[in-house]
Every structure is written in structure tokens, then in C-alpha cells.
Amino acid sequence: MTATITTITLPSGTIEYATYGPEDSDHPPVVFVHGVAVDHRLWQPVAELLADAGYRCYAPTLPLGSHHIPWGSQADRSPRGAATLVREFVAELNLSDATLVANDTGGAVTQFALDADPEFVRALVFTNCDAFDLFPPQPFRLLFALLRQRPLLKPLIESMRFRALRHSPLGVGLLLAHPDPDLTWSVFQPLRTDARIRDDLIAFLKKIDPAELAAVTPRMSRVTLPVTMVWGADDRCFTPEHGRRFAAVFGDSRFIDVPGARTFVSLDEPAAVADAIVAASTRV
């Protein structure tokens, strides 16, 4: 099923989003939240499976490095600013009954959104993501530190044209079991070609503070929504032990191990993620 791409202007910025599935679905909608240097296509295999099952899915491309519309220097280009965008997106499209699904940095962004409003959606699914002071894990803490340096950002991105480097642990090698070379290269194009996108990413990375998330994650105990963790069991960045510790913060959580999957479990094992979302949407 082909996604429809739409542009929406929110109080905190203008973004693109993809939609999948019938507009008149009888099921609760699904909203996806991605992390740094990926776009809505992180979720496409899962969204297509859900669309075939009759679910309406929304996958915004947040201004985290693979976006095409600059966020701009007047915006709050921080994890909390991105969280505000997510809440504005849900409110503008009347998606408060949605199941929200988050991954990687998007998991941290979602926690900041919940810290501001613990009930802005109906149910939660976290896949492998940041929590506590693991924001980000190594080796990406070092990589993010390098990417924050303006003279280094473009050369580092240009070096990703080499597949061996791009699929190494310094690229997506730790994140994907079976990376698609075309996809892994295309997500870097906005950073290669537009200085404004590079500015947005630098500003966002400078605002990442592990201590801030370490204070926020324990406050997720206030969240009374049903929570499902769908965790790539082969992830060396966000290990299953980390995921179970995160799950224990919530009062109503389930944990699902997904063998053979890494951080981007939605690409490695989309059927497992789709099945978990369907189950999560019926728990309320």
C-alpha cells in the first residue's frame, strides 16, 4: 500500500507525515515516532501490515535530520521541543485515541511528551529506545558529539556514501540485522544537501542531556496508560535488560522479546511489531 504524504503546519513547526490505511477505520489510529537521522520509512513495513488489517496509521517525519522542511532557528530544537511537536500533531489531527509507537530517540521524545501530559494518547508501544541516562548509548554518544561539530558534520555524512562504513557499527550496523543499502543512504540526503537541515540536527544534538532524561524516566510511573515493550532481543545498544528495566517503571506494562531483531525492530521483524500494536490497541 502506497503512503500518502501530507504537510501540516503546527505551532512549533511545519512537518511532513505519511498516512496508511482507510480513513474510516473502525480501529483506534496508530501514531509512530522515530529517532535521529531516519524518517517515516522506518515504520513503513509495520504500517503497511496494519493498513492491510484495516488500521489508519500516521507516521510524521520529525525534524531530526532526515526531514526536508527546516525547523528553523526560532524553534525549540530540543527533545522537549520535538515532544511538543508530537503532542501538537496528535491534537491537531484529533488522535487522542491513538496507540503511539516509539523507537530510538523517539522513545525519549515520547517520554518528554508524556511528562508534559501523561494522557495525550490512549495506549503506548515502545520499541528499543533511550531511557534513564542511556541517551544515547555508545558508540552513538561519541558519534553525536562529533556530529555536533559544524565543520565535521558534512564530511562525516559524506563518508556514509561508502556502504561498508554506513553498515558498520559507526553507521547502522548495530541498529539493523539486514540493512537495505538504498534506504540507509537515502535517509542521509537531507543532511548532505541542505545546510539548514544540518543546523537543525546540530541544535537538537546540543540539547540532548542524559541527566535530563534520567530525571524524566522515573516519572513515567505517573502514566496509567497500558504500555507494551516490543524489544529486539539482539540489540547491543538498547539491551533487553535495559528494556525490562524501562518496562518496570510503568504500572501496566508487558514486555515482548523479538529474537533476531536489533534497534530498528520495525524493519527487522515488522510482523512482530504489527501484532503487538494490534494487541496493545485492544487492551484499553
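Calculation notes
- Residues numbered from 1 in each chain as written.
- Predicted model: local features only at pLDDT ≥ 70, side-chain atom pairs only at ≥ 80, totals over all residues.
- Heavy atoms only, no water.
- Helix = DSSP H or I, 4+ residues; strand = E, 2+ residues; numbered from the N terminus.
- Expected span 1.5 Å × (residues − 1).
- Buried < 20%, exposed > 50% of the residue type's maximum accessible area, 1.4 Å probe, protein only.
- Disulfide = S-S within 2.5 Å.
- Contact = heavy atoms within 4.5 Å.
- 1 Å grid on protein atoms, 1.4 Å probe; cavity = no way out; pocket = protein on both sides within 12 Å on 5 of 7 lines; lining within 4 Å.
- Points joined across faces, edges and corners; volume = space filled by probe spheres on them.
- Nonpolar A, V, L, I, M, F, W, Y, C, P; charged D, E, K, R; others polar.

## Some thoughts on helix α3 (residues 105–116)
What sets the pattern is the α-helix's 3.6 residues per turn: residues three or four places apart point alike. A rise of 1.5 Å per residue sets the reference length of α3, with its twelve residues, at 16 Å; its end C-alpha atoms lie 17 Å apart and thus fit the reference within 8%. The buried fraction of α3 amounts to eleven of the twelve residues, a majority that puts the element mostly inside the structure.

## Looking at the state of the cysteines
Tallied over the full model, the rule gives zero disulfides. Here C129 is not disulfide-linked; the sulfur of C237 is the nearest cysteine sulfur, at 13 Å. When its relative accessible area of 0% is taken as the criterion, C129 is described as buried. Relative accessible area serves as the criterion here: at 6%, C237 is assigned to the buried category.

## Re the side chain of H242
By secondary structure assignment, the location of H242 is in helix α11 (residues 240–247). The exposure class of H242 is buried, given its relative accessible area of 9%. Among residues more than four places away in sequence, those in contact with H242 are C129, D130, A131, F132, L134 and W231.

## Considerations on empty space enclosed by the protein
In this approach, a probe sized like a water molecule rolls over the atoms, and the result shows the empty space that is left. Enumeration over the complete set of coordinates arrives at two cavities of 30 Å³ or more. Roughly 450 Å³ of internal volume is contained in the largest cavity. Sorting the residues of the lining of the largest cavity by element identifies α4 (140–147), α5 (150–159) and α7 (181–186) as the ones contributing at least two each. At four residues, α4 tops the list of elements feeding residues into the lining of the largest cavity. Residues of the lining of the largest cavity, tallied by class, amount to 25 nonpolar, three polar and four charged.

## Concerning unusual backbone geometry
Each neighbour pair has its own omega, and for F135 with P136 the value is -5 degrees, a cis peptide bond. Structurally, P136 is set in the loop between β6 (123–129) and α4. The amide bond that connects Q138 to the next residue, P139, takes the cis arrangement and shows omega of 5 degrees. Tracing the backbone shows P139 in the loop between β6 and α4. Within the chain, A37 stands out as a residue other than glycine whose phi angle is a positive 60 degrees. Inspection of the secondary structure assignment puts A37 in the loop between β3 (30–33) and α1 (44–52). Residues other than glycine seldom take positive phi values, yet D104 does so here, at roughly 55 degrees. You can call D104 buried: its relative accessible area is 11%.

## With respect to the environment of I202
Structurally, the position occupied by I202 is in helix α9 (residues 195–206). By relative accessible area, I202 is classed as buried at 2%. For the pair I202 and I5, spaced 197 residues apart in the sequence, the C-alpha separation amounts to 26 Å. Residues within four places of I202 in sequence aside, it is in contact with L147, R148, R150 and L153.

## A look at the environment of L170
Tracing the backbone shows L170 in the loop between α6 (163–166) and α7. Taking the C-alpha atoms as reference, L170 lies 7.0 Å from P139; in sequence the two are 31 residues apart. Leave out the neighbours within four places in its chain, and L170 touches L143 and M160.

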